Amino acid sequence: MSKVDPGTPHPPQHSEELLIEGMTCASCVGRVERVLNALPGVQSASVNLATERASVRTDGSVGRQALVQVIRKAGYEVSAPAPVELMIEGMTCASCVGRVERALQAVPGVQSASVNLATERARVQGDAPVQALLAAIAKAGYSAHVLDPAGSGEDAQAQRHAEELRVLKRDLWLAAALTLPVFALEMGGHLLPAFHHVIATTLGTQNSWLLQCALTTLVLLLPGRRFYLKGIPALLRAAPDMNSLVAVGTLAAYGFSLVATFAPRLLPAGTVNVYYEAAAVIVTLILLGRMLEAKAKGRTSEAIKRLLKLQARTARVRRDGGVVELPLEQIATGDVIDVRPGERIAVDGQVIDGDSYVDESMISGEPVPVQKAPGSTVIGGTVNQTGTLGVRATAVGGATVLAQIIRLVEQAQSAKLPIQTLVDRITLWFVPIVMALAALTFAVWLLLGPQPALIFGLVNAVAVLIIACPCAMGLATPTSIMVGTGRGAELGVLFRKGEALQLLKQAQVVAVDKTGTLTEGRPVLTDLQLADGFDRAGVLAKVAAVEDRSEHPIARAIVSAARQDGLTLPAISAFESVTGFGVRAEVDGVRVEVGADRFMHKLGLDVALFADAARRLGEEGKTPLYAAIDGVLAAIIAVSDPIKHDTRPAIAALHALGLKVVMITGDNRRTGEAIARQLGIDEVVAEVLPEGKVEAVQRLKATHGRLAYVGDGINDAPALAAADVGMAIGTGTDVAIEAADVVLMSGSLQGVPNAIALSKATMGNIGQNLFWAFAYNTALIPVAAGVLYPLWGVLLSPVFAAGAMALSSVFVLGNALRLKRFQPPQG
């Protein structure tokens, strides 16, 4: 009941939804409602036992944390809410990332916060209010908004990037047009003494400086103002970023030039000179770098864009006896969709009428279309080929397989690898250290440098500020992750957790489950060898007729084989199961007996006729059965779980990558070792119960080092979780397997060497990027400071420093984009 007096104006209402654990009955509900309603500021609280949710309305004076505390005090737990995804605008370098993360982590209720420069996103875990998160980001000097969980925010982000690129191009052209005359007037004289003489005798040095001043002022006020609007406030907050470096560097050159132009008496003799061209060219070159960066960034997220294009926008829905075309957001579970030939299927569903073939290559990677008939399942985003289908929707919107894939790719692209943590720690202090080094450079040159010491100090300090912008550092890791995980999605390899990219590279051993991973996961009739005088169709029909009475998997495989051959099963009578031996029955007036060799011995039949076949089957890990018809030995039969056609080349590819392969199976050792011999597997752990797989994984980790476990993601969940990297072999319906770090969409073991090779390629790419970014900055800061001058008289101009800084970011992005051409070891 509301606590607000009806005679007073209603205060503003705030609502909170809490997921409560531990409630078992109505008295629990009452207890939770009482403690919530007793809290000052709570207007009403309603608790639902079935959904385990509490809906609380407050006047805004009580926060989520206070609600959680009173519920916990009452003896119940509150589940952590889903992570909040935020889109952040205004970040330009790695120091921005660190600043936003620190601001978010300081908000009460935040458990963790991870910010990605390449995707411009923050992922926040905890129960802090969204408004508090947005306010913290705004206070840090950036703007943010909540990302639409349905994924429609991608279009808005694409539009924003397109607008950003358009503005950057416009400003770059304007800056270049204004800078070119400044550069020509000042540097032309240095390059061509005759040109300097022409300027001095026609325009005059002072007029030349005034013209340069006017043009440079326009450069700084118009295209360059972005650096000052962001960099100076960040500097005043004692949290400088790359914009601050550019702002301080260009203003130093511009300010000195202003004094030289309008108050030259204030400067020591011999130091009167202008550096307008340095300020203007620095702005122009950094804008060029930003534009190239923005273009390359757009290309890193192409994988997500392609996935989004697979989503149908509309669908033809059967409504009120007719068919209407509706946008996707208006389709509900249970609606029946008409899918014509050539159309993309809009939702996940089940075929209720029609017959067709569907191209499912975007899910499975298999190019051959799959036949669909009533009862078949279809996946949204796949393409209908030949016939018309009626599909009843079973999952729509964010619940579809394609939506889950997009979420997984986004999560992996937003992930922060362990290596990135080290980068963040370094870059957090990088900008303040650079500013201190620039100040030190200026002081050393002023005190110890040759004349004009002031000029040398100023130029070298500006060069240090400009060369050290940490853009490349911030982009080195996330861009490689974005391109690598996007390429993985194209190959049917989904990284659910970004850190799996780093850990897979370190794997020494791959442990594989047998059933459903190495094998098809279902028994089939593999061998049927006949005695003289018997035909396959007659024997198989009779044996299948007898086995049709049994639900044993081996019996079902024999019956299935007979039906696939188009055989009609004859009627039987006098069926009898002989415990421990086999089965018998009367079929078409003859006695049919099926069972193990001991059953044949009991019947007085000699199985030596099939001795060679029995030996071969045993070596292959198969258990033979025998069939006798009317008292005569007729056939030897073997049913087994066949090895997938692509298992052998996949294991060969793993060996080529230098990995040890171990099979973990619940089968007996003889069967396991027989399969291992066929496939070239290095080690077998056999006769293991599901709970024993975890122990086996831990033992292998202790023996060999980092371990990747490959299973079907259902009964292997504990082992997948215990491994360093869990890899789930699955089809589209297995996308959301929670225990796995990597999901192999095609259901093929070939995805394992592909994923490991991609991990090695991505981590190698990250290593190259980090080396370039760190080595570049470390090597060039001393050069910019002037350490080579005493030896060879070499100084690094601020103009060249700006160009080199821009090129470093472009190099890192270009190097990351090479991963788009990654070719897997398996097709």
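Residues numbered from 1 in each chain as written. Predicted model: local features only at pLDDT ≥ 70, side-chain atom pairs only at ≥ 80, totals over all residues. Heavy atoms only, no water.

## Some points on the overall build of the protein
Then, in step 1: What the protein contains, in helices and strands, is 29 helices and 30 strands.
Then, in step 2: A separation of at least 24 residues holds for 68% of the contacts in the protein among residues at least 6 apart in sequence. (Helix = DSSP H or I, 4+ residues; strand = E, 2+ residues; numbered from the N terminus. Contact = heavy atoms within 4.5 Å.)

## Considering the packing of aromatic side chains
Then, in step 1: Evaluated as defined, the whole model comprises seven aromatic pairs.
Then, in step 2: One residue, Lys602, lies across the ring of Phe581, its end atom 4.5 Å from the ring centre. (Phe/Tyr/Trp six-rings, centres within 6.5 Å; stacked < 30°, edge-to-face > 60°. Lys NZ or Arg CZ within 6 Å of the ring centre and 35° of its normal.)

## Things to note about the pattern of salt bridges
Then, in step 1: Counted by the stated rule, this structure contains 21 salt bridges.
Then, in step 2: Ionic pairing is found between Asp353 and Arg318, a salt bridge with its closest N-O pair at 3.1 Å. Of this pair, Asp353 sits in strand 12 (residues 348-354) while Arg318 is found in strand 9 (residues 314-319), placing the two residues 35 residues apart along the sequence.
Then, in step 3: Since its relative accessible area comes to 33%, Arg318 is described here as partly exposed.
Then, in step 4: A salt bridge links Asp724 to Arg706; the shortest N-O distance between them is 3.2 Å. Taken as a pair, Asp724 in the loop between helix 26 (717-722) and strand 29 (725-729) and Arg706 in the loop between helix 25 (690-704) and strand 28 (707-711) lie far apart in primary sequence, 18 residues in all.
Then, in step 5: Residue Asp724 is classed as buried on the basis of its relative accessible area of 18%.
Then, in step 6: On the basis of relative accessible area, Arg706 is assigned to the partly exposed category, the value being 34%.
Then, in step 7: A single network of salt bridges, built from pairs that share partners, joins Glu576, Arg584, Arg591 and Glu593. (Salt bridge = Lys/Arg side-chain N within 4 Å of Asp/Glu carboxyl O. Buried < 20%, exposed > 50% of the residue type's maximum accessible area, 1.4 Å probe, protein only.)

## Some words on helix 29 (residues 798-817)
Then, in step 1: With 20 residues, helix 29 extends 29 Å from end C-alpha to end C-alpha; this agrees with the ideal 28 Å at 1.5 Å per step.
Then, in step 2: Burial analysis of helix 29 places 14 of its 20 residues in the buried class, the great majority of the element. (Expected span 1.5 Å × (residues − 1).)

## Observations concerning the sheet that holds strand 20 (residues 524-530)
Then, in step 1: An order of 20-25-24-23-22-21 is seen for the six strands of this open sheet, with the pairing classed as antiparallel. Only two strands of the sheet have a single neighbouring strand rather than two, namely strand 20 and strand 21 (572-578). On average, adjacent strands in this sheet sit at an angle of 20 degrees to one another, irrespective of strand direction.
Then, in step 2: As paired elements, strand 20 and strand 25 (residues 632-640) share six bridges and run antiparallel to each other. The residue bridging Leu528 from the neighbouring strand is Ile637, located in strand 25.
Then, in step 3: Of the strands in this sheet, strand 20, strand 24 (624-629) and strand 25 are in contact with helix 20 (residues 553-564), which crosses strand 25 at around 105 degrees. (Pairing = 2+ DSSP bridges. Axes fitted to C-alpha atoms, helices over the stretch in contact; angles between N-to-C directions.)

## A closer look at the UniProt feature "transmembrane region" (unreviewed entry) in the protein
Then, in step 1: Within this structure's numbering, the places UniProt gives as "transmembrane region" (unreviewed entry) are residues 172-195, 207-224, 245-267, 273-292, 426-448, 454-477, 770-792 and 798-817.
Then, in step 2: Along residues 207-224 the backbone is 83% helical and 0% strand, and the end-to-end C-alpha distance reaches 24 Å.
Then, in step 3: Counted over residues 770-792, helix gives 87% and strand 0%. Its end C-alpha atoms are 30 Å apart. (UniProt positions renumbered as here; feature names shortened; annotations may be inferred.)

## Brief notes about the packing of helix 1 (residues 26-37) against helix 2 (residues 64-73)
Then, in step 1: The interhelical angle for the contact between helix 1 and helix 2, taken along N-to-C directions, is 135 degrees, at an axis separation of 9 Å. As summarised for this structure, helix 1 and helix 2 are arranged oblique, according to the angle between their axes. Remark: the crossing between helix 1 and helix 2 carries right-handed chirality. For the pair helix 1 and helix 2, contact is made by Val32, Val35 and Leu36 and by Leu67, Val70 and Ile71, respectively.
Then, in step 2: The residue makeup of the contact of helix 1 with helix 2, split by class, is six nonpolar, no polar and no charged. (Parallel < 35°, antiparallel > 145°, perpendicular 65-115°, else oblique. Left-handed = near helix turned anticlockwise from the far one by under 90°. Nonpolar A, V, L, I, M, F, W, Y, C, P; charged D, E, K, R; others polar.)

## Here's the deal with the nonpolar core
Then, in step 1: The biggest cluster of nonpolar side chains holds 134 residues, and the ones touching the most others in it are Leu104 and Met727.
Then, in step 2: Of the residues forming this core, the biggest block, 14 residues, is contributed by helix 27 (residues 751-785).
Then, in step 3: Beyond its immediate sequence surroundings of up to four residues, Leu104 is in contact with Leu86, Val110, Ala113, Val115, Ala122, Val124, Leu133 and Ile137. (Core = buried A, V, L, I, M, F, W, Y, C linked by side-chain atoms within 4.5 Å.)

## Side note on the pairing of strand 28
Then, in step 1: In terms of residue burial, strand 28 counts as a mostly covered element, since five of its five residues are buried.
Then, in step 2: Residues Leu707, Tyr709 and Gly711 of strand 28 are buried on one face, and the alternating residues Ala708 and Val710, pointing to the opposite face, are buried as well.
Then, in step 3: One ladder, built from four bridges, connects strand 19 (residues 509-513) with strand 28; its direction is parallel. Looking at the pairing, Val512 lines up with Val710 of strand 28.

## What to know about the layout of surface pockets
Then, in step 1: Approximately 1,200 Å³ is the volume attributed to the largest pocket.
Then, in step 2: Lining the largest pocket are 46 residues, and of these Ile554, Lys622, Thr623, Val639 and Ser640 lie nearest its centre.
Then, in step 3: Per-element accounting of the lining of the largest pocket gives the leading share, four residues, to helix 24 (residues 669-679). (1 Å grid on protein atoms, 1.4 Å probe; cavity = no way out; pocket = protein on both sides within 12 Å on 5 of 7 lines; lining within 4 Å. Points joined across faces, edges and corners; volume = space filled by probe spheres on them.)

## Points about the sheet that holds strand 7 (residues 121-126)
Then, in step 1: In spatial order, the strands read 6-7-5-8; together these four strands make up an open sheet with antiparallel pairing. Edge positions in the sheet fall to strand 6 (110-116) and strand 8 (143-146), since each has one partner strand and no second. Between one strand and the next, the sheet's axes are offset by a mean angle of 25 degrees, whatever the strand orientation.
Then, in step 2: Where strand 5 (residues 84-89) and strand 8 come together, four bridges link them in antiparallel fashion. Its bridge partner lying in strand 8, Met87 is registered against His145.
Then, in step 3: Where helix 3 (residues 94-105) meets the sheet, its contacts fall on strand 5, strand 6 and strand 7, and the angle it forms with strand 6 comes to roughly 165 degrees.

## So, the environment of Val130
Then, in step 1: Here Val130 shows up in helix 4 (residues 130-139).
Then, in step 2: Overall, the relative accessible area of 27% leaves Val130 in the partly exposed class.

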